[in-house]
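Listed here are the chains, written in short residue letters.
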Amino acid sequence: MAGKSGRTISATPENVWKKQIFSWEGILVVIFLAVIVLCKLLSPNYTFVNVLREMPKYLTEIFLLFPMAYILMLGEIDISVGSIVCLSATAGCLISNAGVPFGAAAVLTLLVGAACGAVNGLILVKFPELPSMIITLGTQIVFRGIAEIVLGSGGSVSPTNMDGYRMIAGKIGPFPYIFFLVIISAVIFAVVSAKMKYGRSLYAIGSNRRTAFYSGIRVNKVIFIAYTLMGLFAGIAGLFLTSATYAANTTTGKGFEMDAIAMAVFGGIATTGGKGRMVGGVISAFIIICLRIGLGQINMNSQLILVIIGILLICAVLLPNITGSLRLKKRD
Amino acid sequence: MKKKLLSALLCVAMSATLFAGCGNGGTPANNDANEPSSSAGADAGDSADDAGAGTDDSASGGKTYAMVTKSAGNPYNEKEAEGFKEVIEANGGTAIIQHPEAATADAQVSVIQSLISQGVDSISVAANDANALQAALEEAMAAGIKVSAVDSATNAASRMTFANQAGTKEIGQTLMDAVYDISGGSGQWAIVSATSQATNQNAWIDAMKEIMESDSKYADLELVSIEYGDDVPEKSTTVTQALLTNYPDLKVICAPTTVGIAAAAKVLQDQGSSCKLTGLGLPSEMAAYIGDGDSFSCPYMFLWNPIDVGRLSAYISLALVNGDINGATGDTFEAGDMGSYTVVDAADGGTEVILGPPFKFDPSNINEWKDIY
């Protein structure tokens, strides 16, 4: 990066450039652009307006990505979020049908989500020897089970007064409100994980929990907060999903946890913990969403779309490993 | 720190390209949409919508009629889609059949949103949840797309009309009479349904319950359980086995779903159970189980012709798009060789078009039907 004056400052900045371009996030940006171009070529309806219009339902999943990335950075996992989305959306509809004004019902929806997340966090903190996969598998069944019991054989509830839900599904120009909320959350989550004490302790715990503990990081507190955040954002996702469907049912949010994990892993956030950046997760989320919208518009078989995303995911996990081992060999 | 700055710059560049790229592509498409809309038809009154960008394609090359099924690999839905496609193509239209990635309303929302972007002229949807498609379907109707339900209804607010395979009451009565007949008029019976929120399943089950309670003829029949096999063969098998274990005196299982009845038929026949089966099933899948005598698990069952359901839905879509009907009670339209149909009031406050009473499949006719569907 020679300055305007023509002086070459040093060799290091050039190195940073290279590093940046060949970093996973750099590759993701290239993939993202390729996806946009590809979809544009495939579908004449792949316009800015249409993509934004189709986006809100998919964007609800990005809310799950943010805290999921934190949990993965910790080296933990949470597969109960789809069920939390279901339970909080159900609770939200029922509370609003009980005559509670929309604002209060929305806040209670988020609280139900946060409470579910806190339950996960509490169990994990109290019984650190239990794997998070198993605990959240259990709560996944429990949370959805509660929703199924409440919903009964009808299996579906829709808010009788939809005004509030219609309002949050509103738009500024072509941009749905949820889009701005996602961007703001993305910036906050990225800054916290990159700069703040809390974010750095996520990486420390994910790299080596014992070292982190002896370095004075309050491991339990960090884990508890991450899981409660996860629940809270699952509540937000539930709220916005209700606004995109006007109902909650027993299958609401099914499979969302896997979508969120896929977005994070594709973004270079390793499930082993301590690695990856929020930026990568967000870019990869938009890659997956744009690809789904584009391939959906040419009426590609939806199972085939899932297969393509699955293959992309495997490649995404393989690629850094291959390049990583190559780099190690070079250094040797 | 420079690394962070660079990544931020890259992100800005990326989003700028996204905006610029799409903006360039989007503008001409929007202009195109305005041009042909003047010639394409005065009926497209509200085409000046967000989603109007795609309408130009359909206006030039015939109309496009879409059908959204409940899930991929549902044989019943596939037959409906076949009938739908046949009629649409015979009338010079283009048929799009889309299966959602999972049997959930969430997945159907994505498919519907995509169809709005494509600017199709009509959408027929077999709803996985009556309520959860409302936001997407309202948006479709606001964009000028004619929305009707087929097979499994959406709520009244999210459709113009509904192609109902048979009146809910007729089905409830037929199935109740079958249970009465097979059980000999008394004893325990159970239901194996699809998912707990499948609109049509619940309507039929409610109708059966109502009929059972309203007539003293059925007083000796005891409905012991309603199980949900979720239209997944494995789960339907499991719930059937559980029923046999929990209720050894069970006389009849009624499965008003094609997946459930096939799974239950296999369980009962393999175990040589004395419990018999009836319900709604596909002849091709059930032929091996329908017969007289104890070695067969199903004496007889019912279904309407799913190909005809799809064809009826196609004629409804055609009539809606042509402006012959708008889904109001009393509207009549011609459905080719199927004759003339009238839109009637539905129990949920909306309107529907009823295909006809269910058809009985028994040992005398199963062999001729099993090759058809």
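Residues numbered from 1 in each chain as written. Chains lettered and ligands numbered in written order. Predicted model: local features only at pLDDT ≥ 70, side-chain atom pairs only at ≥ 80, totals over all residues.

### Focus: the overall build of chain B
Heads up, the rule is: Runs of H or I in DSSP of at least four residues are treated as helices and runs of E of at least two as strands, each being numbered from the N terminus. With C-beta atoms placed from the backbone, a residue counts as buried when 20 or more other C-beta atoms lie within 10 Å of its own, as exposed when 12 or fewer do, and as partly exposed for counts between those limits. By the criterion used throughout, residues are in contact when their C-beta atoms, derived from the backbone, lie within 7 Å.
Along chain B, the regular secondary structure elements total twelve helices and 15 strands. Residues counted as buried form 55% of the 373 residues belonging to chain B. Put simply, 69% of the contacts in chain B that link residues at least 6 apart link residues at least 24 apart.

### Regarding helix H5 (residues 102–126) of chain A
All names here are of chain A. The line we're drawing: Take the residue count of a helix, subtract one, and multiply by 1.5 Å to get its expected span.
For H5, built from 25 residues, the straight-helix expectation of 36 Å at 1.5 Å per residue is met to within 8% by its first-to-last C-alpha distance of 36 Å. Here H5 has its buried residues at Ala105, Ala106, Thr109, Val112, Gly113, Ala114, Cys116, Gly117, Asn120, Gly121 and Leu124. Residues of H5 that are buried in the fold lie against helix H4 (81–97), helix H6 (132–151), helix H7 (163–168) and helix H11 (219–245).

### A closer look at the packing of helix H8 (residues 177–195) of chain A against helix H9 (residues 197–207) of chain A
Residue and element names in this part refer to chain A. The criterion, for reference: Angles shown run from 0 to 180 degrees and are taken between the N-to-C directions of axes, each axis being a line fitted to C-alpha atoms and, for helices, limited to the stretch in contact. Angles below 35 degrees are treated as roughly parallel, those above 145 as roughly antiparallel, those between 65 and 115 as roughly perpendicular, and all remaining angles as oblique. By convention the crossing between two helices is left-handed if the near helix lies anticlockwise of the far one by an angle smaller than a right angle, and right-handed if it lies clockwise. Three residue categories are used. Nonpolar comprises Ala, Val, Leu, Ile, Met, Phe, Trp, Tyr, Cys and Pro, charged comprises Asp, Glu, Lys and Arg, and polar comprises the others, including Gly.
At their nearest, the axes of H8 and H9 sit 5 Å apart, and the two run at 65 degrees to each other. Comparing their axes, H9 and H8 come out roughly perpendicular. Two packed elements cross with a definite hand, and for H8 against H9 that hand is right-handed. Of the residues in H9, those in contact with Val192, Ser193, Ala194 and Lys195 of H8 are Tyr198, Gly199 and Leu202. In terms of residue class, the contact of H8 with H9 is built from four nonpolar, two polar and one charged.

### Here's the deal with the sheet that holds strand S8 (residues 250–255) of chain B
Sheets are built from strands paired through backbone hydrogen bonds, the pairs being either parallel or antiparallel. All names here are of chain B. Stated formally: By this definition, two strands are paired if DSSP reports at least two bridges between them.
On the basis of which strands lie adjacent, the open sheet formed by four strands has the order S7-S6-S8-S9 and parallel pairing. Strand pairing shows two members of the sheet lacking a second neighbour, strand S7 (221–228) and strand S9 (276–279), which therefore form its edges. Geometrically, the sheet is characterised by an average inter-axis angle of 25 degrees between neighbouring strands, direction not taken into account. One ladder, built from seven bridges, connects strand S6 (residues 187–193) with S7; its direction is parallel. Residue pairing in the sheet places Val192 in a bridge with Glu227 of S7. Relative to S9, helix H9 (residues 258–271) is tilted by about 170 degrees, and along the sheet it contacts S6, S8 and S9.

### Concerning the domain arrangement of chain B
Residue and element names in this part refer to chain B. The test is simple: Here the limits of each domain have been adopted from an automatic or database domain assignment.
When cut into domains, chain B gives domain 1 (52–164 + 306–356) and domain 2 (168–303). The gap between the C-alpha centroids of domain 1 and domain 2 is 30 Å. On the domain 2 side, the residues contacting the ten residues of domain 1 number nine residues. Tallied by class, residues from the side of domain 1 that touches domain 2 come to seven nonpolar, one polar and two charged.

### Some remarks on unusual backbone geometry
Residues and elements named next belong to chain B. In this model, Asp151 sits at a positive phi of 75 degrees, which is unusual for a non-glycine residue. Relative to the helices and strands, Asp151 resides in the loop between strand S4 (146–150) and strand S5 (161–164). The phi torsion at Asp231 lies on the positive side, around 55 degrees, for a residue other than glycine. For Asp231, the location among the structural elements is in the loop between S7 and helix H8 (233–246).

### What to know about the sheet that holds S5 of chain B
Residue and element names in this part refer to chain B. If you walk across this open sheet you meet the seven strands as S2-S1-S3-S4-S5-S14-S13, and the pairing is mixed. Strands at the two margins of the open sheet, each flanked by one partner only, are strand S2 (94–98) and strand S13 (344–345). Sheet topology places strand S1 (residues 64–68) next to S2; five bridges connect them, and they run parallel. Bridging from a neighbouring strand, Tyr65 pairs with Ala95 of S2.

### Here we look at the nonpolar core
Basically, it comes down to this: By convention in this section, buried Ala, Val, Leu, Ile, Met, Phe, Trp, Tyr and Cys residues joined through C-beta atoms within 7 Å make up a nonpolar core.
In this structure, Met68 of chain A together with Ile112 and Ile253 of chain B are the most contacted members of the largest nonpolar core, which totals 203 residues. Residue contributions to this core peak at 17 residues, all from helix H3 (residues 48–73) of chain A. Looking at which domains feed residues into this core, each of domain 1 (52–164 + 306–356) and domain 2 (168–303) of chain B supplies at least three.

### Description of the environment of Lys85 of chain B
All names here are of chain B. Within the secondary structure, Lys85 sits in helix H3 (residues 75–90). For the pair Lys85 and Gln98, spaced 13 residues apart in the sequence, the C-alpha separation amounts to 12 Å. Discounting residues that sit within four places of it in the chain, Lys85 has contacts with Ala95 and Ile97.

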